[in-house]
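# Per-entry structural report
Okay, here's what each chain looks like letter by letter:
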Protein chains: 2
Amino acid sequence: MGIPDIRICFFGDSYVHGTGDDECLGWAGRLCAGARRAGHDITYYNLGVRRETSTDIARRWLAECEPRLLPATDNHVVFSFGANDVALADGVPRVHEDDTIANLYAMLDNARTRYRTLLVGPPPAADDEHNARLARLSERMRDAAGQLGVPYVATLPALVDDRIWRDEVRDNDGAHPRAAGYARLAGIVAASGAWWFERQ
Amino acid sequence: MGIPDIRICFFGDSYVHGTGDDECLGWAGRLCAGARRAGHDITYYNLGVRRETSTDIARRWLAECEPRLLPATDNHVVFSFGANDVALADGVPRVHEDDTIANLYAMLDNARTRYRTLLVGPPPAADDEHNARLARLSERMRDAAGQLGVPYVATLPALVDDRIWRDEVRDNDGAHPRAAGYARLAGIVAASGAWWFERQ
């Protein structure tokens, strides 16, 4: 056939998982379904886990890549996290900003030597203070990725005032959208130029 | 709310993964989307991995459950494998039938003490000899699950002569169907009485 046998592992938190989406696709599933419809032979592995911080993801990502990304396949990894890191527990962020950046740096620096790698920034919730912490963290994430030559897709700036995203998050659980919000997020990644496969 | 916070990990091979489905759902995603539409609060973790045998799955399933199935959530595990075990490599099955049953027994015996557990039998391919080996293995899998009190859903008998399944498998890669075949398989599991959540 000559078409590359593309495998993609998506690592992250509940946003990567697609929590709240009754269609069980989230943004990662929509991106891959779109790329398949456009003719790409993509195997989609969603490894987002609810409640996980960058520290949790750092602990498991490589072990979960190994059975899924084979020597003979065309391997890609996408990371997206941050919302659980800045979430407060007993009044302080679950992961200190410096530790998030250290986790990110360690993961991306390892991943980029093995796989084509992409970082997607965390999307906003229905909480202005949370979003302010997340905006600050996102800028540091973008800078760290840039230092490593890993492409970064910002999502917070476009979604924080997006009507569909905001309404679904507010009407759901204050954090996660429903199907239409995830479709918006998939569209942002697809249109970013950093995503590898054009959609339709 | 009072609705249980249900988490399900699906472990298995490319059939569990949904390989060949342009909608990126497979049968597991369709089952969970159906249960969510019926009002169940289900978190769907698809941990099917292409090419894996029961030996491969035995190595990773518990480590992958741990971050996903939490003490406070209502946890379920579904296993489905066998097609790669009976696939021939250098003229012999990749995993001997006795070893498949030993792997199955070890996994189910451990899983059933931790989580609600279900075994789904392997579906047929477009190869009569493969299907004959698979039919024999499936009966032993059903018996072993029965000894452990784990429900088993047969899929091969209903699919081997199913027009949709057969045609999609033949026209695709000889092993995997497309969206409609996976929808048929999801329907068999949903209608089995062993699946926990009614569909629609």
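Residues numbered from 1 in each chain as written. Chains lettered and ligands numbered in written order. Predicted model: local features only at pLDDT ≥ 70, side-chain atom pairs only at ≥ 80, totals over all residues. Heavy atoms only, no water.

### A few points about empty space enclosed by the protein
- All told, the structure shown has 2 cavities of 30 Å³ or more when counted by the stated rule.
- Space inside the largest cavity adds up to approximately 250 Å³.
- In terms of lining, the largest cavity is formed by 20 residues, of which the most central are A:Tyr44, B:His17, B:Cys24, B:Tyr44 and B:Asn46.
- Listed by contribution, the elements that provide at least two residues to the lining of the largest cavity are strand E2 (42-48) of chain A together with strand E2 (42-48) of chain B.
- At 6 residues, E2(A) tops the list of elements feeding residues into the lining of the largest cavity.
- Looking at the lining of the largest cavity residue by residue, the classes come out as 8 nonpolar, 9 polar and 3 charged.
- Each pocket or cavity is described by its volume, and for the second largest cavity that value is around 60 Å³.
- In terms of residue count, E2(B) provides more of the lining of the second largest cavity than any other element does, 3 residues in total. (1 Å grid on protein atoms, 1.4 Å probe; cavity = no way out; pocket = protein on both sides within 12 Å on 5 of 7 lines; lining within 4 Å. Points joined across faces, edges and corners; volume = space filled by probe spheres on them. Helix = DSSP H or I, 4+ residues; strand = E, 2+ residues; numbered from the N terminus. Nonpolar A, V, L, I, M, F, W, Y, C, P; charged D, E, K, R; others polar.)

### Here's the deal with the pattern of salt bridges
- Tallied over the full model, the rule gives 36 salt bridges over all chains.
- In this structure, A:Arg36 engages B:Asp22 in a salt bridge whose closest nitrogen and oxygen atoms are separated by 2.9 Å. Taken as a pair, A:Arg36 in helix H2 (residues 26-37) and B:Asp22 in the loop between helix H1 (14-17) and helix H2 (26-37) lie in two separate chains rather than in one.
- Classification of A:Arg36 by relative accessible area gives buried; the value is 13%.
- Taking the shortest distance from any N to any O, the salt bridge between A:Asp56 and A:Arg59 comes out at 3.3 Å. Within this pair, A:Asp56 and its partner A:Arg59 are both found in helix H3 (residues 54-65), separated by 3 residues, close to a single helical turn.
- In this structure, a network of salt bridges that share partners links the residues A:Glu52, A:Arg60, A:Glu64 and B:Arg68. (Salt bridge = Lys/Arg side-chain N within 4 Å of Asp/Glu carboxyl O. Buried < 20%, exposed > 50% of the residue type's maximum accessible area, 1.4 Å probe, protein only.)

### A few points about the interface of chain A and chain B
- Counting residues at the interface gives 27 residues for chain A and 27 residues for chain B.
- Buried surface at the junction of chain A and chain B, both sides included, amounts to about 2,200 Å², of which 51% is carbon and sulfur.
- The largest share of the area that chain A buries against chain B comes from A:Cys24, A:Arg36 and A:Arg50, three residues that together contribute 27% of it.
- Our count for the chain A to chain B interface comes out at 4 salt bridges.
- Applying the counting criterion to the chain A and chain B interface returns 10 residue pairs in polar contact (both at pLDDT 80 or more).
- Here the residues of the side of chain A that touches chain B sort into 9 nonpolar, 6 polar and 12 charged. (Contact = heavy atoms within 4.5 Å. Buried area = accessible area lost by both parts, 1.4 Å probe. Polar contact = N/O pair within 3.5 Å; in protein donor to acceptor, adjacent residues only side chain to side chain.)

### What to know about H2(B)
Residue and element names in this part refer to chain B.
- Here H2 contains 12 residues, and its C-alpha end-to-end distance of 17 Å stays within 8% of the 16 Å for a straight helix at 1.5 Å per residue.
- Of all 12 residues that make up H2, 11 are buried, and the element is covered over most of its length.
- Of all the positions in H2, only Gly26, Trp27, Ala28, Gly29, Arg30, Leu31, Cys32, Ala33, Gly34, Ala35 and Arg36 are classed as buried.
- Those residues of H2 that are buried are in contact with strand E1 (6-12), H1, E2, strand E3 (74-80), strand E6 (116-120) and helix H9 (179-190).
- Trailing H2 by a residue or two, Gly39 shows a phi angle of about 105°, which is positive. (Expected span 1.5 Å × (residues − 1).)

### With respect to the packing of aromatic side chains
Residue and element names in this part refer to chain A.
- Enumeration according to the criterion identifies 22 aromatic pairs over all chains in this entry.
- Ring centres 6.4 Å apart and planes at 80° place the aromatic pair Trp165 and Tyr182 in the edge-to-face group. In this pair, Trp165 is assigned in helix H8 (residues 163-171) and Tyr182 in helix H9 (residues 179-190), connecting sequence segments 17 residues apart. Of the two residues examined, Trp165 and Tyr182, each falls in the buried class.
- Pairwise contacts between aromatic rings join Phe10, Trp27, Tyr44, Trp195, Trp196 and Phe197 into one cluster.
- The cationic tip of Arg68 hangs over the ring face of Tyr45; the distance from NZ or CZ to the ring centre is 5.7 Å. (Phe/Tyr/Trp six-rings, centres within 6.5 Å; stacked < 30°, edge-to-face > 60°. Lys NZ or Arg CZ within 6 Å of the ring centre and 35° of its normal.)

### What about the relation of the copies chain A and chain B?
- Mapping chain A onto chain B calls for a screw motion: a turn of 180° about the axis and a shift of 0.0 Å along it, with 0.0 Å RMSD after fitting. One copy is carried onto the other by what is essentially a two-fold rotation axis.
- Most of the interface of chain A is mirrored in chain B: 100% of its interface residues are interface residues there too. (Least-squares fit on C-alpha atoms with pLDDT ≥ 70 in both.)

### Quick notes on the pairing of E6(B)
Residue and element names in this part refer to chain B.
- Among the 5 residues that make up E6, 4 are buried, leaving the element largely enclosed by the rest of the structure.
- Where E3 meets E6, 4 bridges bridge the pair, whose relative direction is parallel. Counted as the bridge partner of Val77 is Thr117 from E6.
- Sheet topology places E6 next to strand E7 (residues 152-153); 2 bridges connect them, and they run parallel. From the neighbouring strand, Val120 faces E7, where its bridge partner is Val153.
- As a crossover connection, the stretch from E6 through helix H6 (residues 128-148) into E7 is right-handed. (Pairing = 2+ DSSP bridges. Right-handed = clockwise from strand over helix to strand, strands pointing away.)

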